[in-house]
Amino acid sequence: MSYHGRRRHPRGEDYNRHDTYETPEQKLRKNIIHFGEVDPVQEIPRLANQIFDHIPANVPAVTEGFRIGVTEQPYKIPFYAALLRLLHDRPVAEAAPGSPSLGRQVLEDFWKGFQAFLDKQAWRETRLCVHFFAHLTAAGVISVHSLYELLKSFTAVLDEFGVSHGRASKAGLCAAEGLMIAGPVIKQDASLDTAEIINALQTYIESTKDAKTLVQPVVRLFTDTSVLEHAEEWLDCALAALQTLNGSDFAQTADSYPQPYTEFPPWTQEAFNLPGVLVPPEVIELDGLTTESGEDAQPKKEEWPQCYVRLFENDVTPDPTTPVGFAIRSALIDTLDIFEVNRKDCARLLLEFPKWTLPGTFKPRPGAPPQEPVKGKDWQLDNTLLETILGATFMLPESTYKAIYYIALITELCKSSPQSVGPAVGKSIRRLYALLADGLDVEVAHRFAEWFAVHMSNFGFQWVWKEWYAIPDLVLVPQHPKRTFIRRAVEFEIRLSYHDRILRILPEAMHDAQTGVISAEAPGPDYEYDEPTNPHHEPAQSVLNLIRGRAKPEDVMAHLESLRNTLIETTGNVDTVLRSVTVQSLLHIGSRSFSHFLNAIERYLPLLRNLAAGQISSSGGANAEARTDIMSAVATFWKNSRHMIAIVFDKLMQYQIVDPTDVVAWTFTHCAVVTVGKRKATFNAFQWDLLKAALDKANGRVMVQRRKVAVLRKEADDNAARAIAGENASMEVDAEAKPDVIPVGESPQLTSAIKAFTVLTREQKSALARTLDGFVDCLAVEGVSPKVREVITEHAWHNRANWEDDDWETWETWGWYRHWGRTYSPYLRNYMNTIGTVAFAKVPSKADPAVELFRKTWNIATGQEV
């Protein structure tokens, strides 16, 4: 047998393999990046000697090692600063007299890399470089004045007209964290005013208080205060830590950040002056595409204040509003972000984090030698890690990375240290579960249920279930957030496993049908016409047999036409019945597996499209009633497995049998009727899943088409440029260019793409407008339920222990309206004039607390004055 012409040794040795060898420069760079694995303080002098002994000196290789280490291992930054400080002590080997030290050359080269990060607006890398410069300033290597001016260049961003919150917060953190580290030496210079940086940050933060009310993880609808409960906003934390430090003349900096360079002899050389910089303006992509009514076709993603949920007391985990607490939390968050590409390494580094902090910061790990506890510290590492990871997981409106990364990371931590991390996970679950009754945001509760279910699935679904049935949680009203969470978590667990296994694991008390936790039978399809007692059993069986026999779509259409003529005299709404029969029969055939479902849908696409047009054998335009009937038939068939409704709806949108706007309208008007059996003017988590899928589909189509138009336009421009260049090359030097040689007009492909883009943006706007209209009907029209006004009052909230189902359902509706506003804020800001005017025409103008809250939420989401 031939292995592509390569001969192999019988024992598997490949003699054609070429061993790779590291060059001395690569080894040096690797040693710089990986230093400190055992004891960083002891390794610094040894590594400095190794760098000096490398002849000839290779400044780019050393600088690259520093740059990678600083920007990808932020917990090592103080030690890299100490290493660079030592590189200033000796001249470069074989260098001419008077040449700058190796440390100075590396610092000059490092600055060039910092400018590149700043020009690209790579904010995390920029901020970590500022950390490095601040430590070097504290070590005396960099002049205090030049660092102060660098920090002020970042606070200048806060004063830019119309600055986005994302840009302002990132620039503000660069200035704040740099000042926290270098504050002691800056404060010693009477000509420099630390209060100027702090006041600039405070002024900006005060302008964002309205936005914070919309992203707080624990909701208080009755108040608009920006003071958060069980949570901290990240810029607020930075400001509080800075104010504490400034009040003590930055005496706490040495207790917050490691400063290994303070053990070195005093700095006697001339300090390095950082060149002046200007933070480049925001990059705005202009592709020339607008909607029919002139809005920008590419909304800019809006970034919100970063609110992190708090789960433990300050004596268990560090308070991020204190200097040391902020320093620890900042380093942990950066580690989470940087090592998203490798959760195993991330878990290992998080568990090793105490060695990069000051002694006594965390309690010793099991088996580690005892150490003297430090007053005000001695925190629990595992609880700190869980609080940080879950805070990032539950950030609103969306986490930085997909939830599965954070879930998998917690799993890795549990596997690496089960005895310590396992109890911390249990405590976190209990704290979050307790917050469900205290106003935990509906989206946070939704993500909590997902995390709980996935985490339990990784560990055999082992949980102390008696905590939820031995205490009177199962006798709470069915729509209480705790009861809702239990049902949702069990539903997710069944999806991740199978019904019988979860039924065996749950205690008997949860099997009772009255608890609503789990059904006695496995959830599955419900073919409405399966029973002979159904009046339409025989017609449905005839259609089912045709589809099962893979009859041609034309034959099924002809049979349906025949049935219509037969049933029209005895059936009230024969078209609705035939649509239901056909759709449910298709789903019944496709219920065996996902591939069966896709095959059935694709085989009978012509039939489905005709039904969606209100016809059977002929096509036509969109028919809203027909599409509603199709979706209702799907929901009826899969009402016991609600996730299948979302899957089928997604495929119906993909095949353009229904539009996203149809799904949005059905979600508000027909979902409760089909799935619950009665009409409701409320909105729940399942409806949110359907709504989000529809809106994401509409927005995704616009994005894809916009990219297609951009590619075609670039091709057209390139072709035009080549044509002009070719024509000019063939002309005489003194000849005049003829106007008719310049290509005019657009290619047919580009014209078609622009027309499709116009249609898709119209659909996008329609879906958003229908969503706003649906929430107006639920919360802001004249005849809404009195509960809409009651649940947003302070008195009612403090009496929530006595709430009934209607109260909790209405409160949840308010929560999903808030989440819709913050999630789709970029699109709502783009279309606010066109879609807001129509929807708010139905809203009464008289004074009404519900209307005021509805308008205020809309104004915050769309960036208007409150």
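Residues numbered from 1 in each chain as written. Predicted model: local features only at pLDDT ≥ 70, side-chain atom pairs only at ≥ 80, totals over all residues. Heavy atoms only, no water.

Some remarks on the overall build of the protein chain
Within the protein chain, the regular secondary structure consists of 36 helices and 2 strands. Overall size of the protein chain, expressed as C-alpha extent along the three principal axes, is 105 × 90 × 80 Å. A buried classification covers 53% of the 866 residues belonging to the protein chain. The contacts in the protein chain between residues at least 6 apart in sequence include a share of 73% that link residues at least 24 apart. Counting 90 positive and 111 negative side-chain charges, the protein chain places the centres of these two groups 4 Å from one another. (Helix = DSSP H or I, 4+ residues; strand = E, 2+ residues; numbered from the N terminus. Buried < 20%, exposed > 50% of the residue type's maximum accessible area, 1.4 Å probe, protein only. Contact = heavy atoms within 4.5 Å. Lys, Arg positive; Asp, Glu negative; His and termini not counted. Charge placed at Lys NZ, Arg CZ, Asp CG, Glu CD.)

Concerning the pattern of salt bridges
Applying the stated criterion across every chain, the model contains 45 salt bridges. For glutamate 22, the salt bridge is made with lysine 30, and the minimal N-O distance between the two is 3.8 Å. Take lysine 30: its relative accessible area is 41%, and that puts it in the partly exposed class. Aspartate 773 is paired through a salt bridge with arginine 770; the nearest N and O atoms lie 3.7 Å apart. Of this pair, aspartate 773 and arginine 770 are both found in helix α31 (residues 748-779), 3 residues apart, which corresponds to roughly one turn of the helix. On the accessibility criterion, arginine 770 (19% relative accessible area) is buried. Among the ionic contacts, a cluster of salt bridges with common partners joins Arg310, Asp319, Arg329 and Glu387. (Salt bridge = Lys/Arg side-chain N within 4 Å of Asp/Glu carboxyl O.)

A closer look at helix α2 (residues 40-53)
What sets the pattern is the α-helix's 3.6 residues per turn: residues three or four places apart point alike. With 14 residues, α2 should reach 20 Å at 1.5 Å per residue; the first-to-last C-alpha distance of 20 Å fits that figure. Of all the positions in α2, only Pro40, Glu43, Ile44, Leu47, Ala48, Ile51 and Phe52 are classed as buried. On its buried side, α2 packs onto α1 (24-33), α3 (59-72), α4 (77-86) and α5 (102-119). The N-capping residue of α2, defined by a side-chain oxygen 3.2 Å from the backbone nitrogen of valine 41, is aspartate 39. (Expected span 1.5 Å × (residues − 1). Polar contact = N/O pair within 3.5 Å; in protein donor to acceptor, adjacent residues only side chain to side chain.)

Things to note about the environment of arginine 822
Of note, arginine 822 is situated in helix α34 (residues 805-823). Judged by its relative accessible area of 1%, arginine 822 is buried. As for arginine 822 and valine 144, which are separated by 678 residues in sequence, their C-alpha atoms are 41 Å apart. When sequence neighbours within four positions are dropped, the list of residues in contact with arginine 822 reads Leu214, Val215, Trp304, Leu396, Pro397, Asp441, Glu443 and Ala861. Side-chain polar atoms of arginine 822 contact the backbone oxygen of leucine 214, separated by 2.7 Å.

Some words on the packing of helix α11 (residues 234-247) against helix α12 (residues 323-338)
Where α11 meets α12, the closest approach of the two axes is 9 Å, and the angle between their N-to-C directions is 140°. In terms of axis orientation, α11 runs oblique to α12. For the element pair α11 and α12, the recorded crossing hand is left-handed. Taken together, the residues of α12 that come into contact with α11 (itself represented by Trp234, Cys237, Ala238, Ala241, Thr244 and Leu245) are Pro323, Phe326, Arg329, Ser330 and Ile333. When grouped by side-chain class, the residues that make up the contact of α11 with α12 number 8 nonpolar, 2 polar and 1 charged. (Axes fitted to C-alpha atoms, helices over the stretch in contact; angles between N-to-C directions. Parallel < 35°, antiparallel > 145°, perpendicular 65-115°, else oblique. Left-handed = near helix turned anticlockwise from the far one by under 90°. Nonpolar A, V, L, I, M, F, W, Y, C, P; charged D, E, K, R; others polar.)

Here's the deal with the side chain of serine 164
Among the structural elements, serine 164 can be located in the loop between α7 (144-155) and α8 (165-188). Engagement of the side chain of serine 164 in a polar contact is seen with the backbone nitrogen of arginine 167, the distance being 3.3 Å.

What to know about the packing of aromatic side chains
Under the defined criterion, the tally for this structure stands at 45 aromatic pairs. When the ring of phenylalanine 114 is compared with that of phenylalanine 133, the centres are 5.2 Å apart and the planes differ by 85°; the resulting orientation is edge-to-face. Of this pair, phenylalanine 114 sits in helix α5 while phenylalanine 133 sits in helix α6 (residues 123-138), and the two are 19 residues apart along the sequence. Owing to a relative accessible area of 0%, phenylalanine 114 belongs among the buried residues under this scheme. Residue phenylalanine 133 is classed as buried on the basis of its relative accessible area, which comes to 0%. Here the aromatic residues Phe668, Phe683, Phe775, Trp814, Tyr817, Trp820, Phe840, Phe854 and Trp858 are joined through ring pairs into a cluster of three or more. (Phe/Tyr/Trp six-rings, centres within 6.5 Å; stacked < 30°, edge-to-face > 60°.)

Overview of the environment of arginine 627
Summarising the element assignment, arginine 627 is placed in helix α26 (residues 624-637). With a relative accessible area of 10%, arginine 627 lands in the buried category. Separated by 59 residues in the primary sequence, arginine 627 and phenylalanine 686 place their C-alpha atoms 20 Å from one another.

Section: the environment of alanine 176
Position of alanine 176 among the secondary structure elements: in helix α8. The buried category is assigned to alanine 176, whose relative accessible area is 1%. Taking C-alpha positions, alanine 176 is 9.8 Å from arginine 127, a pair spaced 49 residues apart along the chain. Residues contacting alanine 176, with those up to four places away along its chain left out, are Leu201, Ala238 and Leu242.

Describing unusual backbone geometry
Following isoleucine 55, the chain continues to proline 56 via a peptide bond in cis, the omega torsion being -5°. When you line up the elements, proline 56 lands in the loop between α2 and α3. Residue leucine 396 is joined to proline 397 through a cis peptide bond whose omega torsion reads 0°. In this structure, phenylalanine 250 is a non-glycine residue whose phi angle is positive, near 60°. Judged by relative accessible area, phenylalanine 250 falls into the buried class, the value being 2%.

With respect to α11
Across its 14 residues, α11 extends 20 Å between first and last C-alpha, which sits within 8% of the 20 Å expected from 1.5 Å per residue. Those residues of α11 that are buried lie in contact with α8, α9 (194-206), β1 (231-233), β2 (307-309) and α12. For α11, the side-chain oxygen to backbone nitrogen distance between the N-cap and leucine 235 is 2.9 Å, and the N-cap itself is glutamate 233. Just past α11, the residue aspartate 249 takes up positive phi, approximately 55°.

Quick look at the nonpolar core
Judged by nonpolar contacts, the single largest core of 171 residues is most densely connected at Phe66, Phe132, Phe133 and Phe154. With residues up to four places along the chain from it excluded, the contact list for phenylalanine 154 reads Phe114, Leu118, Trp123, Thr126, Val130, Ala171, Cys174, Ala175 and Val279. Membership of the second largest hydrophobic core comes to 101 residues, among which are Leu605, Val658, Trp811 and Ile835. (Core = buried A, V, L, I, M, F, W, Y, C linked by side-chain atoms within 4.5 Å.)

Let's talk about the confidence of the model for the protein chain
Taken over all residues, the pLDDT of the protein chain has a mean of 90, while the share at 70 or more is 92%. Every residue in residues 1-15 scores below 50 in pLDDT, and together they form 8 contacts with partners more than four places removed in sequence or on other chains. Every residue in residues 732-744 scores below 50 in pLDDT, and together they form 9 contacts with partners more than four places removed in sequence or on other chains. (pLDDT = per-residue confidence, 0-100.)

Some points on the side chain of lysine 651
Among the secondary structure elements, lysine 651 is positioned in helix α27 (residues 642-654). Buried and unpaired, lysine 651 has no salt bridge, with aspartate 650 as the nearest side chain of opposite charge at 4.5 Å. Lysine 651 has contacts with Phe594, Phe597 and Leu598, leaving out every residue within four places of it along the chain.

Notes on the state of the cysteines
On inspection of all chains with the given rule, the structure shows 0 disulfides. With no disulfide of its own, cysteine 671 lies 11 Å from the sulfur of cysteine 778, the closest cysteine sulfur. (Disulfide = S-S within 2.5 Å.)

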